[in-house]
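What follows is each chain in one-letter form.
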Amino acid sequence: MADLIIEPGKSRLSLWRRIANAPAQVALTPSAWSAIEKSRATVEATLAKGEAIYGVNTGFGKLAQKRIPDNELKLLQRNLVLSHATGVGEPLPDSVTRLVMALKVSSLARGHSGVRRVVVERLLDLLNRNILPEIPEKGSVGASGDLAPLAHMSCVLIGEGFARVNGKRMTGAEALRQAGLQPIELEAKEGLALLNGTQVSTALALVGLFGAEANIEAAFIAGALSTDAIKGSDTPFDARIHEARGQKGQIEAAAILRSLMDGSAIRHSHLECDRVQDPYSIRCQPQVLGPCLDMIRYAAGIFAVEANAATDNPLVFDGGDVLSGGNFHAEPIAIAADALAIAISEIGALAERRIALLIDSSLSGLPPFLTADSGVNSGFMIAHVTAAALASENKSLAHPASVDSLPTSANQEDFVSMATFGARRLTQMNTNTANILAVELLAAAEGIEFHRPLKSSVALEAAHAAIRKGSPRFDKDRFFAPSIGATQELISGRGFETLLKPALHLPSVD
């Protein structure tokens, strides 16, 4: 019995998130098989007529004009896979590889690819037995699709390449042998259908999206907790201010911050203070996090469509038409990933500024570097330096990848997307931002301690308790790094998701 069902053209982001999160039994909705079989019949009928079809009975790229004889069509597909498996670098993480395979199943099952049923079945066999092809992370320019990395995925289907089976590396042939599976002999069009497509870029982008969602959840918690820690004002979050501007994300961000701080005794204790305004990193949180929320939702919409798309070439249609186009071009992913990268960078940059505020006693009203006995204790001094280093690194990584292009295949493929790198760097950026937020959460939690016995709101006290589970109070200096690591894991594990319901609803959440 399958845990998860792929519905080609209709699958939700929550499905892809579950596949990325952990191994599961995945199946294709039964109604999809007829479309696969129908498109294969169209390919075979077209070949029987002797018509030339790009990549089916012709060469590839610049060699598209060269006709391949019928007795070499199977060899053509095998050679395509082997010659295109040119990736370099570290293997993609298991979470990404699972998504690549599931996305390829979904794409092939749209009924526009012309592969046999057995090809889709075998991909599901590998996925469900946790046989994960070893796919190097580098080597794709995002057009014509993710050729090199998808070739490495396909190598295992034909008994070549390498795979990880429950974490153990072995040859593709040995992985199949141990599972009792036979290598597939690819037939006309099947190698091309497997290699063409944006599934690697899309899988990387989806993992980046899920990381960005985790980070913006933590950013709202950290921002609200920091506001209470410095005895900041929640007046700038008043709904009337944001409705006067009308920006949707900003209005929502302000509402989330209001809900998180509602009922805080710390806030109530200084309602009549003489401070007029807080620094921008506190006061303008809705104006910064709101657009980041908008960008996350924009990117999610693009990624959700692409995850359900038919992106190989040529495509097979009802009526017998086999059309050559360019759905393999990953520009939608590239541009959306660039937008998401900016949002991830801004979330971290704003958090870094709040850390600086918290440790500056002249602005925060808290002890210098959040330690009661400064001098002998350095407190959060160098934790902030780490956050600053990560924020700076993200600013470089946020440079748009989509504005670059290098022509390939002797100028036949003369404008490419660079989506694969654009999506891949999101993971590094999310890790950086999660660590910045981890430092802020620790610093804000420490700041709250100096206001005891006053308590913050119910939601923020729950967040404080979650932080304290992994990191006790810094009453004196100790080995700092494990506390950052534990808090970063809390963020990446979506530990704050339930605290934000129902105020925040993100795209991958059912």
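Rules behind the numbers
Residues numbered from 1 in each chain as written. Predicted model: local features only at pLDDT ≥ 70, side-chain atom pairs only at ≥ 80, totals over all residues. Heavy atoms only, no water. Core = buried A, V, L, I, M, F, W, Y, C linked by side-chain atoms within 4.5 Å. Buried < 20%, exposed > 50% of the residue type's maximum accessible area, 1.4 Å probe, protein only. Helix = DSSP H or I, 4+ residues; strand = E, 2+ residues; numbered from the N terminus. Contact = heavy atoms within 4.5 Å. Pairing = 2+ DSSP bridges. Axes fitted to C-alpha atoms, helices over the stretch in contact; angles between N-to-C directions. Parallel < 35°, antiparallel > 145°, perpendicular 65-115°, else oblique. Nonpolar A, V, L, I, M, F, W, Y, C, P; charged D, E, K, R; others polar. Salt bridge = Lys/Arg side-chain N within 4 Å of Asp/Glu carboxyl O. Phe/Tyr/Trp six-rings, centres within 6.5 Å; stacked < 30°, edge-to-face > 60°.

**Q** Help me get a handle on the nonpolar core, residues and values and all.
**A** In terms of nonpolar packing, the biggest core is built from 155 residues, with Trp16, Leu28 and Phe220 touching the most fellow members. Top element by residues in this core is helix α9 (residues 199-229). It accounts for 18 residues. The contact partners of Trp16, leaving out residues within four places of it in the chain, are Ile6, Ser11, Leu99, Ala102, Leu103, Ser106, Leu206, Phe210, Ala307 and Asn308.

**Q** Can you lay out unusual backbone geometry for me, pointing to particular residues and giving the numbers?
**A** The linkage connecting Ala143 with the following residue, Ser144, adopts the cis geometry, with an omega of 5°. Relative to the elements of secondary structure, Ser144 occurs in the loop between β5 (136-138) and α6 (147-157). Going from Lys501 to Pro502, the amide bond is cis rather than trans, its omega being -5°. Of note, Pro502 is situated in the segment after α20 (481-492). The backbone phi angle of Asn166 is positive, close to 50°, even though this residue is not glycine. Note on Asn166: relative accessible area 60%, which makes it exposed.

**Q** Explain the environment of Leu260 to me, using residue names and the numbers behind them.
**A** Counting through the fold element by element, Leu260 comes out in helix α11 (residues 248-261). Counting along the chain gives 79 residues from Leu260 to Leu181, while the straight-line C-alpha distance between them is 53 Å. Residues within four places of Leu260 in sequence aside, it is in contact with Phe220, Ile221, Ala224, Ser457, Ala459, Leu460, Leu499 and Leu500.

**Q** Explain the sheet that holds strand β4 (residues 131-133) residue by residue, including any values.
**A** Strand pairs in the sheet, formed through backbone hydrogen bonds, run parallel or antiparallel to each other. Pairing within the open sheet is antiparallel, and its three strands lie in the order β4-β6-β7. The open sheet has two edge strands with one neighbour each: β4 and β7 (168-171). Going across the sheet, the axis of each strand differs from the next one's by a mean of 35°, ignoring polarity. With four bridges joining them, strand β6 (residues 162-165) and β7 adopt antiparallel strand pairing. For Val165, the partnering residue across the bridge sits in β7 and is Lys168.

**Q** Which residues make up the packing of α9 against helix α19 (residues 458-470), and what values go with them?
**A** The N-to-C vectors of α9 and α19 enclose an angle of 105°; their axes lie 10 Å apart at closest approach. As summarised for this structure, α9 and α19 are arranged roughly perpendicular, according to the angle between their axes. On α19, the residues touching Ile221, Ala224, Leu225 and Asp228 of α9 are Leu460, Ala463 and Ile467. Along the lines of polarity and charge, the residues of the contact of α9 with α19 split into six nonpolar, no polar and one charged.

**Q** With reference to specific residues and values, describe the pattern of salt bridges.
**A** Within this structure, the stated rule accounts for 30 salt bridges. Close ionic contact of Arg116 with Glu187 constitutes a salt bridge, the shortest N to O distance being 3.7 Å. Taken as a pair, Arg116 in the loop between α4 (94-108) and α5 (117-128) and Glu187 in the loop between α7 (172-179) and α8 (190-195) lie far apart in primary sequence, 71 residues in all. A salt bridge links Arg117 to Glu121, with the shortest nitrogen-to-oxygen separation between them at 2.8 Å. Separated by four residues within a single helix, Arg117 and Glu121 lie in helix α5, roughly one turn from each other. The partly exposed category is assigned to Arg117, whose relative accessible area is 33%. A residue is classified by how much of its surface remains accessible, and Glu121, at 31% relative accessible area, is partly exposed. Here the salt bridges do not stand alone but share partners, grouping Glu446, Glu449, Arg452, Glu461, Arg468 and Arg473 into one network.

**Q** Would you mind going over the packing of aromatic side chains in detail, with residue names and values included?
**A** All chains considered together, the criterion is met by three aromatic pairs. A ring pair is formed by Phe380 and Phe480, whose centres lie 5.1 Å apart and whose planes are at 90°; its orientation type is edge-to-face. Taken together, the residues span a long stretch of sequence, with Phe380 in the loop between α16 (361-364) and α17 (381-397) and Phe480 in the loop between α19 and α20 at a distance of 100 residues. With respect to burial, Phe380 and Phe480 carry one shared label: buried. Between Phe474 and Phe480, the aromatic rings sit 4.4 Å apart at their centres with planes inclined by 25°, giving stacked as the arrangement. For the pair shown, Phe474 and Phe480 are each scored as buried. Joined through ring pairs, the aromatic side chains of Phe380, Phe474 and Phe480 make up one cluster.

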